[in-house]
Amino acid sequence: MALKTLALAAVIALAPLAAYSAGAPKAKPDPQVAVVKKVAGGKGFKAARAHIDANFERIVSDTVTLTEIPSPPHGEARRAAAYLAMLKAEPSLSDVEMDAEGNVMALRKGTGGGPLIVVAAHMDTVFPADTDVTVHKVGNELHAPGVGDDTVSLAVLLGFIRAMDAAHIKTHADILFVGDVGEEGPGNLRGMRYLFTKGRYAGKISAFISLEPGDEAEITNGGVGSIRYHVTFKGPGGHSYGAFGLVSPAFAMGTAIERIGQIKVPADPRTTYNVGVMGGGVSVNSIPNTVWMDVDMRSEDAGALKTLDGQMLAAIAGGVDAENGARSTSRGKISAVSDLIGERPVGMTDPAQPLVRTAQAVFVLAGTPAVLGKSSTDSNMPMSLGIPAITFPSGFKSGRAHSPEEYIDVTKAPAVAHMSNALLLILSVAGAR
Ligand SMILES: [Zn+2]
């Protein structure tokens, strides 16, 4: 999950809710609030919450078990097999399977005729397979690469399934619990892309909830899109002294980077670009024949992203032309190829959507009105297909994501309270009975 932009507007939009209870002229009550209050006040939810509290240590130990199975991008298979076995152990689940892309999923059937909602957490982490993922307990924190993003959410989903079963909760909707692949960087949302466009549930999903680590009162209803290229500049190469004066891909790339740096982008919608990694060359005394760079572009708006994409490609072509115009091409010209290595669609779930309103109502009930935010998560895919989707915190306080110092706080009371918010959301959206 990437950096978020948060909007205050959402808090204001909720004023009628609070105002409603504070004696202001009666605003039309939000039906989602009534739904959430009913579920929260019900025997089922209370029993499920009590089960989470009583089985808290099991959620923590599942987190440790899964964290200690490395699961890099395109390398989730071992963890997927373990998660599949854990899901298979839950009697209320059917159609427990791994799809062709490597996503693991299980269906908790509703009372019939209801919609299908998907609740997912991703199995991949940003850390390479050889990373030491041993979990260390430090005070009330668990420290390990990937323990938070998003491994703890996988364990939370299991905890929810067991709690719903122990509380004999029935839902109107069918719920598909998914451990998906490919949320991080190089994975390029391949798990979600398959689930929503090729898998057996494609076209059948009414709503989507992605769980990511954290305990903040934030709802991600916006998907920041991105485009990433691996750009390779090629030239004839040669001896740095004997062939001096020939065109060099290094100068072409240097010029391209300088021009990229000149690109003007809007602050709103937030649009950004980056030259992240560079490399190439043979030796200090050789004119290189190949150099390369990886570039990243992001925006909250599809149009702005498209415009930036055009400017980026123009800067790259400009670097090539400038170099071919500046030095000798007698041994061959400079060329550049931009290979697409990542593309995530921009998307948005309207704040007026019942799914978003329900999530907001959950936080209002918890006494912490939420803010709406934009980020790059699994929800980008369903959002871009017009399917209501949000990303919601799974409940454990977490920090230093994407760094070896990553940790989660396993202090019980706040974690149970915040996990219960996510469960209340799922049960409210699924029409718990
Ligand atoms: Zn994540």
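In case you missed it, the structure is sitting above this.
Now for a look at the structure at hand. Since the model is a prediction, treat every value here as computed from it, not as a measurement.

Comments concerning the sheet that holds strand β14 (residues 290-299)
Part 1 of the argument: In space, the 4 strands of this open sheet follow the order β12-β14-β10-β15, with antiparallel pairing throughout. Taken across any chain shown, the strands that pair with only one partner, and hence form the sheet edges, are β12 (271-280) and β15 (335-344). On average, adjacent strands in this sheet sit at an angle of 20° to one another, irrespective of strand direction.
Part 2 of the argument: Here β12 pairs with β14 via 9 bridges, running antiparallel. From the neighbouring strand, G280 faces β14, where its bridge partner is V291.

Observations regarding the coordination of the zinc ion
Part 1 of the argument: The zinc ion binds to the protein through H122 (NE2), D149 (OD), E212 (OE) and E212 (OE); the donor distances cover 1.9 to 2.6 Å.
Part 2 of the argument: One can describe the site at the zinc ion as irregular: its 4 donor atoms subtend angles covering 53 to 141° at the metal.
Part 3 of the argument: What makes H122 buried here is its relative accessible area of 1%.

Re helix α11 (residues 354-365)
Part 1 of the argument: Taking 1.5 Å per residue, 12 residues should reach 16 Å; α11 reaches 16 Å between its end C-alpha atoms and fits that length.
Part 2 of the argument: Of all 12 residues in α11, 9 are buried, a share of seventy percent or more.
Part 3 of the argument: Within the span of α11, buried status applies to L355, V356, R357, T358, A359, Q360, A361, V362 and F363.
Part 4 of the argument: G367 sits one or two residues past α11 and shows a positive phi near 80°.

Here we look at the packing of helix α7 (residues 147-166) against helix α13 (residues 412-429)
A packed helix pair is summarised by two numbers, namely the angle formed by the two axes and the spacing between the axes.
Part 1 of the argument: Running from amino to carboxyl end, α7 crosses α13 at an angle of 60°, the nearest separation of the two axes being 11 Å. One element, α7, and the other, α13, form an angle in the oblique class. Here α7 runs over α13; the crossing is right-handed. Residues V156, F160 and M164 of α7 touch α13, and the partners they reach there are M419, A422, L423, I426 and L427.
Part 2 of the argument: Within the contact of α7 with α13, the residues separate by chemical class into 8 nonpolar, no polar and no charged.

Structural notes on the environment of I161
Part 1 of the argument: Relative to the helices and strands, I161 is located in helix α7.
Part 2 of the argument: What I161 contacts, discounting residues up to four positions off in sequence, is L87, E90, S92, L93 and F177.

Quick word on the packing of helix α3 (residues 31-41) against α11
Part 1 of the argument: In contact at an axis separation of 8 Å, α3 and α11 are set at 55° when each is read in the N-to-C sense. It follows that α3 is oblique to α11 by the angle criterion. Handedness of the α3/α11 crossing: right-handed. Residues Q32, V33, V36, K37 and A40 of α3 pack against P354, R357, T358, A361, V362 and L365 of α11.
Part 2 of the argument: A breakdown of the residues in the contact of α3 with α11 according to their chemical character gives 7 nonpolar, 2 polar and 2 charged.

Quick word on the pattern of salt bridges
Part 1 of the argument: Using the criterion set out here, one finds 14 salt bridges in the structure.
Part 2 of the argument: Notably, a salt bridge pairs E101 with R190, separated by 2.7 Å at the nearest N-O pair. Separated by 89 residues along the polypeptide, E101 in the loop between β2 (94-98) and β3 (104-108) and R190 in helix α8 (residues 190-197) bring together distant segments of the chain.
Part 3 of the argument: Take R190: its relative accessible area is 16%, and that puts it in the buried class.
Part 4 of the argument: Across the pair R400 and E405 runs a salt bridge whose closest N-O atoms are separated by 2.7 Å.
Part 5 of the argument: R400 gets classed as partly exposed once you look at its relative accessible area, which sits at 49%.

Re the nonpolar core
Part 1 of the argument: With 71 residues, the main nonpolar core has Y83, L87, F160, I390, F392, F396 and M419 as its most contacted residues.
Part 2 of the argument: Leaving out residues up to four positions away in the same chain, M419 has contacts with I52, F56, I59, V156, F160, S394, G395 and F396.
Part 3 of the argument: Counting residues in hydrophobic clusters, the runner-up holds 22 residues, among them V291, A315, V320 and I334.

The rules behind these values
- Residues numbered from 1 in each chain as written.
- Predicted model: local features only at pLDDT ≥ 70, side-chain atom pairs only at ≥ 80, totals over all residues.
- Heavy atoms only, no water.
- Pairing = 2+ DSSP bridges.
- Helix = DSSP H or I, 4+ residues; strand = E, 2+ residues; numbered from the N terminus.
- Axes fitted to C-alpha atoms, helices over the stretch in contact; angles between N-to-C directions.
- Donors = N, O, S within 2.8 Å, 3.2 Å for Na, K, Ca; no water.
- Tetrahedral: all angles 85-135°; square planar, octahedral: opposite > 155°, others 65-115°.
- Buried < 20%, exposed > 50% of the residue type's maximum accessible area, 1.4 Å probe, protein only.
- Expected span 1.5 Å × (residues − 1).
- Parallel < 35°, antiparallel > 145°, perpendicular 65-115°, else oblique.
- Left-handed = near helix turned anticlockwise from the far one by under 90°.
- Contact = heavy atoms within 4.5 Å.
- Nonpolar A, V, L, I, M, F, W, Y, C, P; charged D, E, K, R; others polar.
- Salt bridge = Lys/Arg side-chain N within 4 Å of Asp/Glu carboxyl O.
- Core = buried A, V, L, I, M, F, W, Y, C linked by side-chain atoms within 4.5 Å.

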